[in-house]
Amino acid sequence: MTHRDATGSRGTSADRTERELQEALAALAGGVRAAPDAYRTARGEWLRRERRRRLVLAVLIAVVFALATLIGLWVLNQAPADPGVIFSGPGSAVAGASLPRPMP
């Protein structure tokens, strides 16, 4: 069921509203003039932001890598200097001397 305009104008109210809106927007868009170098300016700003993003990312990666390296070196430096339990016996170099083998 469609709704007809009660005034009996040139079409339905939705058609008329759409047409009037198109005419108004066309008139408004016709009066807009872009600056001659608007594209070049916008592209330059975009490229600057992209360079800044990449630089920040590179610095962040370098900082995280340096911190991970420093933390790893610090942890390795905290290990005790004396040989551990595994290498304490005189026969530790012999292959079969570590654990007794169960007999079948």
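All values derive from a computational prediction rather than experimental measurement.

Chemist: I'm lost on the overall build of the protein in this one. Help?
Modeler: Counting its regular elements, the protein contains two helices and zero strands. When the 104 residues of the protein are sorted by exposure, 1% land in the buried category. Looking at the protein as shown, the accessible area adds up to about 10100 Å², and 66% of this sits on carbon and sulfur atoms.

Chemist: Honestly, a nonpolar patch on the surface in this entry has me stumped. Any pointers?
Modeler: A surface patch of nonpolar side chains, about 700 Å² in accessible area, is lined by Leu-55, Val-59, Val-63, Leu-67, Ile-71, Trp-74 and Val-75. Structurally, Trp-74 is set in helix α2 (residues 38-77).

Chemist: When you look at the pattern of salt bridges in this model, what are you seeing that I'm missing?
Modeler: It is possible for side chains of opposite charge to pair when their charged atoms get near one another. The tally for this structure, following the rule as stated, stands at three salt bridges. Here Glu-50 ties to Arg-53 by a salt bridge, and the two come within 2.8 Å at their closest N and O atoms. With Glu-50 and Arg-53 both in helix α2, this residue pair falls three residues apart, about one helical turn. Taking the relative accessible area as the measure of exposure, Glu-50 reaches 22% and is therefore partly exposed. Glu-50 serves as the salt-bridge partner of Arg-54, at 3.2 Å between the closest nitrogen and oxygen.

Calculation notes
Residues numbered from 1 in each chain as written. Predicted model: local features only at pLDDT ≥ 70, side-chain atom pairs only at ≥ 80, totals over all residues. Heavy atoms only, no water. Helix = DSSP H or I, 4+ residues; strand = E, 2+ residues; numbered from the N terminus. Buried < 20%, exposed > 50% of the residue type's maximum accessible area, 1.4 Å probe, protein only. Areas by Shrake-Rupley, 256 points an atom, 1.4 Å probe, with all protein chains shown as cover. Patch = residues over 30% accessible without salt bridge, like charges linked within 9 Å, V, L, I, M, F, W, Y side chains within 5 Å. Salt bridge = Lys/Arg side-chain N within 4 Å of Asp/Glu carboxyl O.

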